[in-house]
Amino acid sequence: MPLTLTGTEELTLEVPGSLPREKAAVLAGDLEVENVRGQTPVSLVVFRIAGLAPGASYGEALWRIGVVHDGAPAWFVVSCDVESAFVRKTAAWLVRYPVRPATFSFEGSVSRGAVSVESKGKRLAIMAISGSDEPPADDAPRRMLVRS
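In this report, we go over the structure that sits alongside the text. (Residues numbered from 1 in each chain as written. Predicted model: local features only at pLDDT ≥ 70, side-chain atom pairs only at ≥ 80, totals over all residues. Heavy atoms only, no water.)

## Side note on the layout of surface pockets
Any empty space left between the atoms is revealed when a probe the size of a water molecule rolls over them.
Thought 1: The calculated volume of the largest pocket comes to roughly 940 Å³.
Thought 2: Looking at the largest pocket, it is lined by 33 residues, and the ones nearest its centre are T12, L13, E14, P136 and A137.
Thought 3: Elements represented by at least two residues in the lining of the largest pocket include exactly β1 (8-20), β3 (39-53), β8 (112-119) and β9 (122-129).
Thought 4: Ranked by residue count, the leading element in the lining of the largest pocket is β1, at seven residues.
Thought 5: Taken together, the residues that form the lining of the largest pocket break down as 15 nonpolar, nine polar and nine charged.
Thought 6: When its volume is computed, the second largest pocket comes out at roughly 380 Å³.
Thought 7: What lines the second largest pocket is a set of 21 residues, and nearest its centre among them are L44, W63, D81, R100 and L124.
Thought 8: Where the lining of the second largest pocket is concerned, the elements lending two or more residues are β1, β3, β4 (56-69), β5 (72-82), β8 and β9.
Thought 9: Per-element tally for the lining of the second largest pocket: the top contributor is β1, with four residues.
Thought 10: The residue inventory of the lining of the second largest pocket, partitioned by class, reads 11 nonpolar, four polar and six charged. (1 Å grid on protein atoms, 1.4 Å probe; cavity = no way out; pocket = protein on both sides within 12 Å on 5 of 7 lines; lining within 4 Å. Points joined across faces, edges and corners; volume = space filled by probe spheres on them. Helix = DSSP H or I, 4+ residues; strand = E, 2+ residues; numbered from the N terminus. Nonpolar A, V, L, I, M, F, W, Y, C, P; charged D, E, K, R; others polar.)

Structure follows, in structure tokens:
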């Protein structure tokens, strides 16, 4: 029996960063972490989906670390904070994401966006202001890996 989920991505923020290679290696376990001048790229992708079902919307935050898999850069998903219990169960089952419950607050428009994520007693607030009308350059696609 097929499962089809559709919705509208209302707001997405991607926050790139880096960690010292040694700290990233602890989080990545037995995976080889990327090494960019002694640092490992990390990325947080936060988005809001609306209209998944009538009246259903949710937020998600995907925490990932740059690793090398089969000789190519890949992302290793450390954790996925998901607001909706249904989506949390579905993501854990279909994609095998290591999910955690979270609450989200989104505000935004085309030129600026803000999000707050709360999970396990911790809170992260992000504000982004577009410096250009041009879309960001596309990064090369990467495989996405999960522990399981």
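## Some words on the sheet that holds β9
Thought 1: Taken in spatial order, the three strands of this open sheet run β7-β8-β9, and their pairing is antiparallel. At either end of the open sheet lies a strand with only one pairing partner, and these are β7 (103-108) and β9. The average angle at which neighbouring strand axes cross in this sheet is 10°, direction not considered.
Thought 2: Pairing of β7 with β8 involves six bridges; the strand directions are antiparallel. Paired with S105 across the strands is S116, a residue of β8. (Pairing = 2+ DSSP bridges. Axes fitted to C-alpha atoms, helices over the stretch in contact; angles between N-to-C directions.)

## Quick notes on the packing of aromatic side chains
Think of a pair of aromatic rings as described by two things: how far the centres are apart, and how the planes are tilted against each other in angle.
Thought 1: Tallied over the full model, the rule gives one aromatic pair.
Thought 2: Relative to F106, the ring of F104 has its centre 5.7 Å away and its plane inclined at 5°; by these criteria the two rings are stacked. For the pair formed by F104 and F106, the shared burial category is buried.
Thought 3: Across from the ring centre of W75, 4.3 Å away, lies the NZ or CZ of R142, which sits over that ring. (Phe/Tyr/Trp six-rings, centres within 6.5 Å; stacked < 30°, edge-to-face > 60°. Buried < 20%, exposed > 50% of the residue type's maximum accessible area, 1.4 Å probe, protein only. Lys NZ or Arg CZ within 6 Å of the ring centre and 35° of its normal.)

## Quick word on the side chain of S43
Thought 1: Within the secondary structure, S43 sits in strand β3.
Thought 2: What makes S43 buried here is its relative accessible area of 4%.
Thought 3: Polar contacts involving the side chain of S43 include one to the side chain of E14, which spans 3.0 Å.
Thought 4: If near-sequence neighbours (up to four positions away) are discounted, S43 is found in contact with E14, V15, P16, L62, W63, R64 and W75. (Polar contact = N/O pair within 3.5 Å; in protein donor to acceptor, adjacent residues only side chain to side chain. Contact = heavy atoms within 4.5 Å.)

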